[in-house]
Amino acid sequence: MPQSAVRPGTWRVDAMLGLAGALLALGLHALAGFPTLAGANGDNDSLLRLVEIRDLIAGQPWFDLHQYRMGPPGGFIMHWSRLVDAPIAAVILAVSALTGKPATGEAVALLVWTTPLMAAALTFLLRIARAVGDEWATMPAFIICAAALHFSGVFAPGNIDHHNVQLTLCLAAVAALIAGRGYVAGIAAGAACALMLGVGMETLPYVAVAGLTVATAYLLNGRSDASGEAAAKAAGFGTGLAGFGLAVFVATVPASLWLSPYCDAYSIPQFSVAALSGIGLAAATASAVLGRSFRARLAALLALGIAVAALVAAAFPQCIAQPYAGLDPKLQQLYLSQVTEAQPFWRVLSGDWVKAAGFYVTPILALIVLGLRLRRHSNAEGWILLAFLTAAFAVSLWQVRGVTFSLPLAAVALAAWVGDWRHRTALTADRYAMPRMVTVWLVSLNVAWSAAAHAASTALGETAPLASPAGTCERAADYATLAAQSPTTVLAISNLGSQILARSPHRVLAGLYHRNTSGILFTLDAFTGTAEQARATIESNRIGLVVLCRGNAETALLTGHAPAGFLAALRRGEPPDWLEKLPQDASEPLEIYRVRPHP
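Counting restarts for each chain: residues are numbered from 1 in the order of the written sequence. A pLDDT threshold of at least 70 governs which residues receive local features in this predicted model, and a stricter bar of 80 or more applies before side-chain atom pairs are shown or counted, although totals over entire chains, interfaces and linings include all residues. Where side-chain values are given, they derive from all heavy atoms of the structure, hydrogens and water being excluded.

Visitor: Help me understand unusual backbone geometry in this model?
Guide: Trans is the prevailing form of peptide bonds, just as negative phi is the prevailing case for residues other than glycine. Backbone geometry places C473, a non-glycine residue, at a positive phi of 60°. With respect to the helices and strands, the residue C473 is situated in the loop between α21 (469-472) and α22 (480-483). The phi dihedral of R542 is positive, around 50°, even though this residue is not glycine. Secondary structure follows DSSP: runs of H or I at least 4 residues long count as helices, runs of E at least 2 residues long count as strands, and numbering of each begins at the N terminus. Among the structural elements, R542 can be located in the loop between α25 (531-540) and β5 (543-549). Judged by its relative accessible area of 60%, R542 falls in the exposed class. Each residue gets one of three labels from its accessible area relative to the maximum for its type: buried under 20%, exposed over 50%, partly exposed in between, using a 1.4 Å probe on protein chains only.

Spelled out as structure tokens, the structure:
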């Protein structure tokens, strides 16, 4: 379907539908009692984001990303972006000023932050669906895409991590490239890509795909298409990427670190690539000579690609390496296994095939359906969607974090498929058409595959009972006794680090963040080593309290790895004599030990 078939005024309808879908999802969360706000499934990243925002509101400088309350004395520098902290902090401050209660400001921010994000994401998905499919695909897109966003959990109330922001920006870029027109659409896509990079490096593959799609369209069409559409969009994209890339760089990187390269956060390597590729693409598309010759355009784009590759290889070769290649072997074995979003496909499949079905079946189906659709009716919009979906699926095979992007993009392709069947059923009297369309509807809903896999697992007797939140130490109430103790440094498993920071005045040694290498290693050595080794770590890091959560999965992992270690002894109820267990109610899952000073 050509882009001109997407009527300009339909964006208002899509925006209203997007808002309706987000409000419906909010209503479903309300009917369930807002379980994600209650902390029954403690989200470490959202909790640490809340800690960062509190620090910012309390006066920590904008450019200071140290997390002083985690890691060895002095803390460490986090790799997250203030671009996400700022708007949430603004909501908290505004509501706090109106009510006079900072706690109310936090509660409102946690409740409302994800609703406008989901509304925007769903709106962009509807725009994409109209361009890839047609009007028949709009209603399926609303249902299938809204379900995909809701059941993914990334827009659940309380989820103030950056993944929902990254997804929304990615969908904005895809919508601009597919449903937008001309120079302005290109600028919008480039700006969204620059902001994506500013929020986090996980989106780098999608920024690369965006650049490749506009460059390919310009290469194939030059200025020969109507009104120079491909050239205008490519020029706009380059301008937006370079211009907003500069703005993000200045806004998030202090002048003292402008020349300091970081591969896991937006800094001089990412800005240099964005600036060179953006300016180069804009310059190439501005040339009337290049626009008339395919060979000239190909030579210019190849030269630009070589220049970008040479820049990275010469100035930032460390950023080409596998991101976790340099991690200590103990961290790779005992730390990465705790980071769910970093798991590859084969580990997810072997560990929980039910979860794998929910993650991977609909993207595979969407790739097949979209590929067959493009064989029958090739169009630029469908090829752009296929490029992004393929990239997201490839990322999800490497690390499960890619599922956040692959599921919504797959939902668009499947919505177009359902739209085709709706149209076909309306035009035929075949009595089998309706049952076929119902089947197409069912297999297009990702939640249907998850439910079917769970039902099959239950029938086979494979489904394990759900872990009780009361035993995994993921509720705010579990930290009441700990919070009442005088502030000190706490030795705890990494999975409890963010929770302790958010729910008590203490600092912790470990948390599930790769820049805190020393803190995690100290903690692993203490818990898996002997009591004497643990005592040495405790004294060198001035630790005053040691906590144990028997029901947490990381506790089982470490005690299984070192059955004769310090943590295993605590779990058996055999603490060394230099630890004093604090009196607690038997129902409290978090056991607290005070370190006795040397006599």
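Visitor: Quick question: what am I supposed to make of the pairing of strand β7 (residues 590-595) here?
Guide: Of all six residues making up β7, five are buried, and the element is well covered by its neighbours. Should DSSP find at least two bridges between two strands, the strands are taken to pair. Looking at chain direction, strand β6 (residues 579-581) and β7 are connected through three bridges and run antiparallel. Of the residues in β7, the one forming a bridge with E580 is R594.

Visitor: What am I meant to see in the packing of aromatic side chains here?
Guide: The relative placement of two aromatic rings is captured by the distance of their centres and the angle of their planes. What counts as a ring pair is set by centres within 6.5 Å for rings of Phe, Tyr and Trp (its six-membered ring), and what kind of pair is set by the plane angle: stacked under 30 degrees, edge-to-face over 60, tilted for all other angles. Evaluation of the coordinates by the stated rule reveals 10 aromatic pairs. With centroids separated by 4.4 Å and ring planes inclined at 25°, the aromatic side chains of Y206 and F405 adopt a geometry described as stacked. Placement of Y206 in helix α9 (residues 204-221) and of F405 in helix α18 (residues 403-427) is noted, with a sequence separation of 199 residues between them. Grouping residues by exposure puts Y206 and F405 together as buried. A centroid spacing of 6.0 Å and a plane angle of 40° characterise the contact between F249 and W258, whose relative ring orientation is tilted. Exposure remark for W258: the relative accessible area of 36% places this residue in the partly exposed category. Chaining the aromatic ring pairs together yields one cluster made of F249, W258, Y266 and F271. Over the ring of Y218 we find R297; its NZ or CZ atom is 5.9 Å from the centre of that ring. A cation sits over an aromatic face here: R424 above W421, 4.3 Å from the ring centre. In this scheme, the term charge over a ring applies when either NZ of a lysine or CZ of an arginine sits within 6 Å of the ring centre and within 35 degrees of the ring normal.

Visitor: What should I look at first to understand the packing of helix α1 (residues 10-31) against helix α5 (residues 114-132) in this one?
Guide: Helix packing for two helices is described by the angle between their axes and how far apart those axes are. Between α1 and α5, the least distance of the axes is 7 Å, while the angle of their chain directions is 135°. Relative to α5, α1 is oriented oblique. In this structure, α1 crosses over α5, and the sense of that crossing is right-handed. The residue inventory of the contact of α1 with α5, partitioned by class, reads 13 nonpolar, five polar and three charged. The axes are straight lines fitted to the C-alpha atoms, using for helices just the contacting stretch, and the angles between their N-to-C directions are given from 0 to 180°. Angles are sorted into four bins: roughly parallel if under 35 degrees, roughly antiparallel if over 145, roughly perpendicular if 65 to 115, and oblique for all others. Each crossing gets its handedness from the near helix: less than a right angle anticlockwise from the far helix is left-handed, clockwise is right-handed. Polarity classes work like this: nonpolar for Ala, Val, Leu, Ile, Met, Phe, Trp, Tyr, Cys and Pro, charged for Asp, Glu, Lys and Arg, and polar for all others, with Gly in that last group.

Visitor: When you look at helix α20 (residues 446-459) in this model, what are you seeing that I'm missing?
Guide: For an α-helix the count is 3.6 residues per turn, leaving residues at separations of three or four pointing the same way. One fewer than the residue count of a helix, multiplied by 1.5 Å, yields its expected span. Compared with the 20 Å implied by 1.5 Å per residue over 14 residues, the 20 Å span of α20 between its first and last C-alpha is a close match. Buried within α20 we find N446, A453 and S457. The buried residues of α20 all sit within an arc of 35° when viewed along its axis, so they share a single face. Any pair of residues with heavy atoms lying within 4.5 Å of one another is described as a contacting pair. Those residues of α20 that are buried are in contact with α16 (353-376), α18 and α19 (433-444). Immediately beyond the C-terminal end of α20, within one or two residues, lies G461, with a positive phi of roughly 75°. Working note: the arc is built from the helix axis to C-beta atom directions.

Visitor: What should I look at first to understand the side chain of E229 in this one?
Guide: Among the structural elements, E229 can be located in helix α10 (residues 229-252). Pairing of N or O atoms within 3.5 Å defines a polar contact, subject to two protein rules: one partner must be a possible hydrogen donor and the other a possible acceptor, and residues neighboring in sequence count only if both atoms are side-chain atoms. Within the structure, E229 has its side chain in polar contact with the backbone nitrogen of G182 (distance 2.8 Å).

Visitor: What is the right way to look at a nonpolar patch on the surface in this model?
Guide: Nonpolar side chains collect at one region of the surface, where L220, F294, L298, L302 and I306 lie side by side and expose about 500 Å² of accessible area between them. Among the elements that line the nonpolar patch, the one with the most residues is helix α13 (residues 294-315), at four residues. If you trace the backbone, L220 turns up in helix α9. Patch membership needs two things, relative accessible area over 30% and no salt bridge, and members are linked within 9 Å if like-charged or within 5 Å if nonpolar (Val, Leu, Ile, Met, Phe, Trp, Tyr). Residue burial considers only the protein chains on display, and all accessible areas are found by Shrake-Rupley using a 1.4 Å probe. The term salt bridge refers to a pairing of a side-chain nitrogen on Lys or Arg with a carboxyl oxygen on Asp or Glu at a separation within 4 Å.

Visitor: So what exactly am I meant to see when it comes to the nonpolar core here?
Guide: Proteins that are soluble and globular tend to have nonpolar side chains buried together. In plain words, nonpolar cores are sets of buried Ala, Val, Leu, Ile, Met, Phe, Trp, Tyr and Cys residues tied together by side-chain atoms within 4.5 Å. Among the nonpolar cores identified, the biggest contains 110 residues, and L385 and F388 are the most heavily contacted of them. A per-element tally of this core places helix α7 (residues 163-179) first, with 13 residues. Excluding anything up to four places from it in sequence, F388 contacts V174, L177, Y206, V209, A210 and L409. Judged by nonpolar contacts, the second largest core, of 51 residues, contains M70, L482, L496 and V595.

Visitor: Which parts of the structure should I look at to understand the pattern of salt bridges?
Guide: It is possible for side chains of opposite charge to pair when their charged atoms get near one another. Inspection of every chain in the model, using the stated rule, returns 17 salt bridges. Note that E229 and K233 form a salt bridge whose closest N and O atoms lie 3.6 Å from each other. A residue pair is termed a helical-turn pair when its members lie 3 or 4 positions apart in one helix, as E229 and K233 do in helix α10 at four residues. Like E229, the residue K233 is buried in the burial classification. Across the pair E591 and K581 runs a salt bridge whose closest N-O atoms are separated by 3.5 Å. One end of the pair, E591, is in strand β7; the other, K581, is in strand β6, and 10 residues separate them in sequence. On the basis of relative accessible area, E591 is assigned to the buried category, the value being 10%. Residue classification places K581 among the partly exposed residues on the basis of a relative accessible area of 47%.

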